[in-house]
2 protein chains.
Amino acid sequence: MTEVFDAVDVIRAKRDRQSLSAGQIHWVVDAYTRGVVADEQMSALAMAILLNGMDRDEISRWTAAMIASGERMDFSRLSRPTSDKHSTGGVGDKITLPLAPLVAACGVAVPQLSGRGLGHTGGTLDKLESVPGWCASLSNEEMMRQLEEVGAVICAAGDGLAPADKRLYALRDVTGTVEAIPLIASSIMSKKIAEGTGALVLDVKVGSGAFMKDTESARELARTMVGLGQDAGLTTVALLTNMQTPLGLTAGNALEVRESVEVLAGGGPPDVVELTVTLAREMLAAAGRDDVDPADALRDGRAMDVWRAMIRAQGGDPDADLPVTSRRAYSRLSAGARPT
Amino acid sequence: MTEVFDAVDVIRAKRDRQSLSAGQIHWVVDAYTRGVVADEQMSALAMAILLNGMDRDEISRWTAAMIASGERMDFSRLSRPTSDKHSTGGVGDKITLPLAPLVAACGVAVPQLSGRGLGHTGGTLDKLESVPGWCASLSNEEMMRQLEEVGAVICAAGDGLAPADKRLYALRDVTGTVEAIPLIASSIMSKKIAEGTGALVLDVKVGSGAFMKDTESARELARTMVGLGQDAGLTTVALLTNMQTPLGLTAGNALEVRESVEVLAGGGPPDVVELTVTLAREMLAAAGRDDVDPADALRDGRAMDVWRAMIRAQGGDPDADLPVTSRRAYSRLSAGARPT
């Protein structure tokens, strides 16, 4: 097969601060997915993007190319609207756990395709796997059924969704190119747009416990992602939330699940409760449901009911004891939590 | 084996414009040679070096690390002094061919370890291989004997010399990171210092037919390389020569050999003759022999005698017809020669 572009030409163009064309971007992402552009070429390009940036059009094209590398899901045949949220992550951030059942309890379905830990922050799936029996992998059909019946699903993104992103994400992790805002924004948004959610709330963390250490870069990331959502016709809202200190009282997979259950039981640390309710309101409003108050659903136990149904639907036992985290594992996590 | 550094930390340091320590540089070059640092990590680092630069100390450490990755040769037991030259290359640059026998004819041995073509410029070895029977590979013992008996050798650098450079050079070629001055300078100088020549003349080409398009970057490259030579105790001289138009009348392997033989026969294009004699004077002077005039050796046929002995010593037939270059191959080379 004859290739229409040459990888070295594309790398050189970005290296020399040129704007990449739609053709160049679609080719390089597609050719990387096909294995024609090698890892060492993509990492050189990623470093050039990190240091020289990409403009709004380039990021939009890059995101579209990542979406085009795989399948797209469609939730339009569900009986209720969908709303999803993405958090850029931070130490002790377990908000997704109480949030998804809370929003579902208010009549909006939540299709949470989550990820694993990146850097020193734990991933939502890693946390939920401390629930005995709980399984992170669902087929598209299982996911659809659970969304209709339970209203909330938290599971691993399938291999078919933005496969280019999956490979690029692993590459960035080992080549010092994670922190490029155009690549962070397109990675997050390509998966959320391909996932097919009807509305999206972005929780952009800022502070020493988050990836974005300062407000300026957090704001740039938020603005970039909202722009990408708009370009794709997706109602997108971003909140900048403080991550100067870890969220809640605990960091560590099982401990965070326990703390989340406390929130669903009407207790839990006030900062976690406040952020959960705030994000739930935004997710409901973005899906056109600003007539319900999630605080009620937390108080009267409806959110807890959805949580239990959600855990059970994925094979987990909501009543099982969570593994006791040893002192040693806990102090290791605490040490890892310190920004370096 | 426990590694003392982490590749991502080293990449991040350069990405964030920090100066790399001697420990970091020695580790990353050594670990790359051992395969512990992967190609995709080295290419990200190379791009960060290209865009953020390295200071004089870092380049000197990088060069020392490349030399330390392999063996060092020693010509001190030869009966005459040694002098070598390196040209940064340009279209139609065949100077090495008449120059090595010319300097040898004046009493200074020339150990020319040459390379293959890079980018759109042909390599000295590629050119000489158009001579029927001529072989580019010599063992260290064969090279030493030929230097003593003939006085000039042009051959391929063995695998033992700066192996880190060999791998890095191939990587840079496919990742758009060839043009980094710190990497060009350390690549050239690590091989010349490891080779063990007693003196070195650098012919830094500048102009549209060369890698360095402008005088400023050519001067920076020259200054960097002379500094590296001085740091290693090697008498090093650099000349900036114009490469705005191709050297001589021909470009193409066999055609360039023919033109070089014309120079050795006392004819040839005036620009090639002038540069050859100028570089020969510099190489002789750097080796302490400013009492001989290479123009005489060109006129009286001594240089041609050394050329014939040199070709014959490496299995070549100096009287054989050179292959006729087809019109098609020639026009492809011409097209490739245009700067883009």
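Residues numbered from 1 in each chain as written. Chains lettered and ligands numbered in written order. Predicted model: local features only at pLDDT ≥ 70, side-chain atom pairs only at ≥ 80, totals over all residues. Heavy atoms only, no water.

**Q** Report on the overall build of chain A, specifying residues and quantitative values.
**A** Secondary structure assignment for chain A yields 15 helices and 5 strands. Residue burial in chain A is summarised as follows: out of 340 residues, 54% are buried. The long-range fraction of contacts in chain A, counting pairs at least 24 apart against all pairs at least 6 apart in sequence, stands at 78%. Accessible surface computed for chain A: about 13,700 Å², of which carbon and sulfur atoms make up 49%. (Helix = DSSP H or I, 4+ residues; strand = E, 2+ residues; numbered from the N terminus. Buried < 20%, exposed > 50% of the residue type's maximum accessible area, 1.4 Å probe, protein only. Contact = heavy atoms within 4.5 Å. Areas by Shrake-Rupley, 256 points an atom, 1.4 Å probe, with all protein chains shown as cover.)

**Q** Mind laying out the nonpolar core, listing which residues take part and the relevant values?
**A** Within the largest apolar cluster, 122 residues are counted, with the highest numbers of intra-cluster contacts made by A:Trp62, A:Met189, B:Trp62 and B:Met189. Beyond its immediate chain neighbours, meaning those up to four positions away, B:Met189 contacts B:Thr63, B:Leu200, B:Leu202, B:Met225, B:Leu228, B:Gly229, B:Leu234 and B:Thr236. Within the second largest apolar cluster, 45 residues are counted, among which are B:Ala152, B:Ala254, B:Leu275 and B:Met304. (Core = buried A, V, L, I, M, F, W, Y, C linked by side-chain atoms within 4.5 Å.)

**Q** Residues and numbers for the pattern of salt bridges, please.
**A** If you walk through the whole model with that rule in mind, you get 38 salt bridges over all chains. With a shortest N-O distance of 3.6 Å, A:Arg12 and B:Glu179 are connected by a salt bridge. Of this pair, A:Arg12 sits in helix α1 (residues 7-15) while B:Glu179 sits in the loop between α8 (163-174) and α9 (181-195), each in a different chain. Taking relative accessible area as the criterion, B:Glu179 reaches 29% and is therefore assigned partly exposed. Note that B:Arg308 is salt-bridged to B:Asp319, the shortest N-O span being 2.8 Å. Taken together, the positions of B:Arg308 in helix α14 (residues 302-313) and B:Asp319 in the loop between α14 and α15 (327-337) put the pair 11 residues apart, joining distant regions of the chain. Given the relative accessible area of 25%, B:Arg308 is considered partly exposed. Overlapping salt bridges bring together A:Arg12, A:Arg15, A:Asp16 and B:Glu179 as one network. (Salt bridge = Lys/Arg side-chain N within 4 Å of Asp/Glu carboxyl O.)

**Q** Talk me through the confidence of the model for chain A; I want residue IDs and the actual numbers.
**A** Overall, the predicted model of chain A reaches an average pLDDT of 88, with 88% of residues at or above 70. Confidence over residues 326-340 of chain A falls short of pLDDT 50; this stretch has 12 contacts with residues more than four positions distant or in other chains. (pLDDT = per-residue confidence, 0-100.)

**Q** Summarise the packing of aromatic side chains; cite the residues concerned and give the values.
**A** Inspection of the entire model under this criterion finds 2 aromatic pairs over all chains. Here B:Phe5 and B:Trp27 contribute two aromatic rings whose centre-to-centre distance is 6.2 Å and whose plane-to-plane angle is 50 degrees, an arrangement assigned as tilted. On the criterion of sequence distance, the pair formed by B:Phe5 in the segment before α1 (7-15) and B:Trp27 in helix α2 (residues 22-34) is long-range, its members being 22 residues apart. Taking relative accessible area as the criterion, B:Phe5 reaches 31% and is therefore assigned partly exposed. Here A:Lys191 stacks its cationic end above the ring of A:Tyr169, 5.0 Å away from the centre of that ring. (Phe/Tyr/Trp six-rings, centres within 6.5 Å; stacked < 30°, edge-to-face > 60°. Lys NZ or Arg CZ within 6 Å of the ring centre and 35° of its normal.)

**Q** Outline the sheet that holds strand β4 (residues 199-206) of chain A, listing residues and values.
**A** Residues and elements named next belong to chain A. With parallel pairing, 3 strands are arranged side by side in an open sheet as β1-β4-β5. Of all the strands in the sheet, the pair left with one neighbour each is β1 (84-87) and β5 (235-242). Taking the axes of each pair of neighbouring strands and ignoring which way they run, one obtains an average angle of 20 degrees across the sheet. Here β4 pairs with β5 via 8 bridges, running parallel. Bridging from a neighbouring strand, lysine 205 pairs with threonine 241 of β5. Across the face of the sheet, helix α10 (residues 215-231) comes into contact with β4 and β5 while running at roughly 165 degrees to β5. (Pairing = 2+ DSSP bridges. Axes fitted to C-alpha atoms, helices over the stretch in contact; angles between N-to-C directions.)

**Q** Quick one: what's the story with the pairing of strand β2 (residues 110-114) of chain B, residue by residue and with numbers?
**A** A regular strand places its side chains on the two faces of the sheet in alternate fashion. Residues and elements named next belong to chain B. Within β2, 5 of the 5 residues are buried, which leaves the element mostly enclosed by the surrounding structure. The two faces of β2 match: Val110, Gln112 and Ser114 on one face and Pro111 and Leu113 on the other face are all buried. Where β2 lies against strand β3 (residues 152-156), 5 bridges are found, and the strand directions are parallel. Note that in β3 the partner of proline 111 across the bridge is valine 153.

**Q** Break down the interface of chain A and chain B for me, citing the residues and quoting the values.
**A** Each side of the interface is counted separately: chain A has 20 residues, and chain B has 20 residues. Both faces combined, the contact of chain A with chain B buries some 1,700 Å², and carbon together with sulfur accounts for 64% of it. Of all residues in chain A, A:Arg15, A:Glu40 and A:Leu51 bury the most surface against chain B, accounting for 32% of the area lost on that side. Summed over the shared surface of chain A and chain B, the result is 4 salt bridges. There are 9 residue pairs in polar contact (both at pLDDT 80 or more) connecting chain A and chain B. For the side of chain A that touches chain B, the secondary-structure elements that each account for two or more residues are α1, α3 (39-52) and α8 (163-174) of chain A. (Buried area = accessible area lost by both parts, 1.4 Å probe. Polar contact = N/O pair within 3.5 Å; in protein donor to acceptor, adjacent residues only side chain to side chain.)

**Q** Any chance you could break down the packing of helix α2 (residues 22-34) of chain A against α8(A) for me, citing the residues and the numbers?
**A** Residue and element names in this part refer to chain A. Contact geometry of α2 with α8 gives a least axis separation of 9 Å together with a crossing angle of 85 degrees. The angle between α2 and α8 falls in the class roughly perpendicular. Along its contact with α2, which presents Val29, Tyr32 and Thr33, the element α8 presents Ala164, Arg167, Leu168 and Leu171. Residue composition of the contact of α2 with α8, grouped by class: 5 nonpolar, 1 polar and 1 charged. (Parallel < 35°, antiparallel > 145°, perpendicular 65-115°, else oblique. Nonpolar A, V, L, I, M, F, W, Y, C, P; charged D, E, K, R; others polar.)

**Q** I'd like a description of the environment of B:Ala180, backed by residues and values.
**A** Residue and element names in this part refer to chain B. By the element assignment, alanine 180 lies in the loop between α8 and α9. By relative accessible area, which is 2% here, alanine 180 ends up buried. For the pair alanine 180 and valine 261, spaced 81 residues apart in sequence, the C-alpha to C-alpha distance is 35 Å. Sequence-distant contacts of alanine 180, defined by excluding residues within four places in its chain, comprise Leu50 and Arg172.

**Q** Can you explain helix α5 (residues 96-105) of chain A? Please cite residues and give values.
**A** Residues spaced three or four apart along an α-helix face the same direction, because each turn holds 3.6 residues. Residues and elements named next belong to chain A. In terms of residue burial, α5 counts as a mostly covered element, since 10 of its 10 residues are buried. Within the span of α5, buried status applies to Thr96, Leu97, Pro98, Leu99, Ala100, Pro101, Leu102, Val103, Ala104 and Ala105. Directly after α5, the chain includes glycine 107, whose backbone phi takes a positive value near 100 degrees.

**Q** Which residues make up the sheet that holds strand β5 (residues 235-242) of chain B, and what are the values?
**A** All names here are of chain B. The sheet built from 3 strands is open, its strands ordered β1-β4-β5 with parallel pairing. Sheet topology places β1 (84-87) and β5 at the edges, where each strand pairs with a single neighbour. Mean inter-strand twist for the sheet, computed between neighbouring axes without regard to direction, equals 20 degrees. Against the sheet, α9 touches β1, β4 (199-206) and β5, its axis set at about 165 degrees to β1. On the sheet, helix α10 (residues 215-231) packs against β4 and β5 and is oriented at approximately 165 degrees with respect to β5.

**Q** Before we move on, could you go through the relation of the copies chain A and chain B and cite the residues and values that matter?
**A** In summary, the two copies of the chain are related to each other by a rotation about an axis coupled with a shift along it. For the match of chain A to chain B, the screw axis carries a shift of 0.0 Å, the RMSD comes to 0.1 Å, and the turn is 180 degrees. The superposition operator between the copies reduces to a two-fold rotation axis. For chain A, the smallest separation between a C-alpha atom and the rotation axis is recorded for A:Glu40, amounting to 1.9 Å. When the interface residues of chain A are mapped onto chain B, 100% of them are again interface residues, pointing to one common binding face. (Least-squares fit on C-alpha atoms with pLDDT ≥ 70 in both.)

**Q** Just give me the short version of the domain arrangement of chain A, but keep the residues and values in it.
**A** All names here are of chain A. Taken as a whole, chain A is organised into domain 1 (7-53) and domain 2 (84-313). Contact with domain 1, which involves 12 residues of that partner, is made by 11 residues of domain 2. Joining domain 1 to domain 2, the criterion identifies 1 salt bridge. Here arginine 167 makes a salt bridge to aspartate 39, at a shortest N to O gap of 3.2 Å. Counting every contact that joins domain 1 to domain 2 gives 2 residue pairs in polar contact (both at pLDDT 80 or more). (Domains from an automatic or database assignment.)

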